[in-house]
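Architecture at a glance
For reference, the chains in residue letters:
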Amino acid sequence: MTELTELFAAVAVLAGLITSISVWAPRQLWIKATAIGAAALFLPTAYAGLSRLLSMPKPVQLEWWLAKADEATVLASSFRENEAIYVWLQLAGVPEPRAYALPWSRDLAEQLQTAQREAAENQSQVQMRLPFEQSLEDREPKFYAMPQPALPPKDLDQTAPTMYRRQAKNS
């Protein structure tokens with residue numbers, strides 16, 4: 001089950017509860033029929049609205065479930081000056097990446113661009129510190145490039161067969 005399915009199931013149960021209260025209340029038949037019709041129209045509208053929200057970046061202020069995340073990997077970004085900084089983040093423990101909208105900040109946009117340049121030079125990734133923190137402290141940059149990955153060790157495997165040089169034959 002995805003989050004959309006779980007959320008829609010909760011909405012459907014609540015709509016059913018409200019509708020059943022309306023139907024069982026001592027009211028006229030046309031009011032009861034209107035309540036059933038409203039519930040029947042509400043459910044597809046709610047599903048369509050919830051599914052549309054899946055493709056839209058979530059404002060970071062609305063992230064409650066993962067608000068304690070220490071770091072996230074920035075997979076992609078887009079800037080809309082004076083509006084928002086859009087980032088595609090991979091969070092630890094979450095299998096799929098998620099889209100978020102950060103409030104526009106020139107300093108934050110410059111940090112992200114600098115980190116992206118450094119990451120491209122190092123052939124590494126861009127990381128984001130405390131992606132959902134609302135603090136205004138600027139002690140350390142929010143975006144940074146990971147250091148260049150270390151090369152694999154060049155240890156000689158002692159179990160591998162050793163190649164010998166052929167000796168020339170004396171004629």
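What comes next concerns the included structure. These numbers come from a predicted model, not from an experiment. (Residues numbered from 1 in each chain as written. Predicted model: local features only at pLDDT ≥ 70, side-chain atom pairs only at ≥ 80, totals over all residues. Heavy atoms only, no water.)

What describes two packed helices is the angle between their axes and the distance between those same axes. It is the contact of helix H1 (residues 3–24) with helix H2 (residues 29–53), at a shortest axis distance of 10 Å, that shows an interaxial angle of 170 degrees. Taken as axis vectors, H1 and H2 run roughly antiparallel relative to one another. Between H1, through Leu 4, Leu 7, Phe 8, Val 11, Ala 12, Ala 15, Thr 19, Ser 22 and Val 23, and H2, the contact on the second element is made entirely by Lys 32, Ala 35, Ile 36, Ala 39, Phe 42, Leu 43, Ala 46, Tyr 47, Leu 50 and Ser 51. The class makeup of the residues in the contact of H1 with H2 is 15 nonpolar, 3 polar and 1 charged. (Axes fitted to C-alpha atoms, helices over the stretch in contact; angles between N-to-C directions. Helix = DSSP H or I, 4+ residues; strand = E, 2+ residues; numbered from the N terminus. Parallel < 35°, antiparallel > 145°, perpendicular 65-115°, else oblique. Contact = heavy atoms within 4.5 Å. Nonpolar A, V, L, I, M, F, W, Y, C, P; charged D, E, K, R; others polar.)

Turning our attention to the packing of aromatic side chains. Within this structure, the stated rule accounts for 2 aromatic pairs. On the numbers, 5.0 Å between centres and 80 degrees between planes, the contact of Phe 8 with Tyr 47 is edge-to-face. Placement of Phe 8 in helix H1 and of Tyr 47 in helix H2 is noted, with a sequence separation of 39 residues between them. With a relative accessible area of 40%, Tyr 47 lands in the partly exposed category. (Phe/Tyr/Trp six-rings, centres within 6.5 Å; stacked < 30°, edge-to-face > 60°. Buried < 20%, exposed > 50% of the residue type's maximum accessible area, 1.4 Å probe, protein only.)

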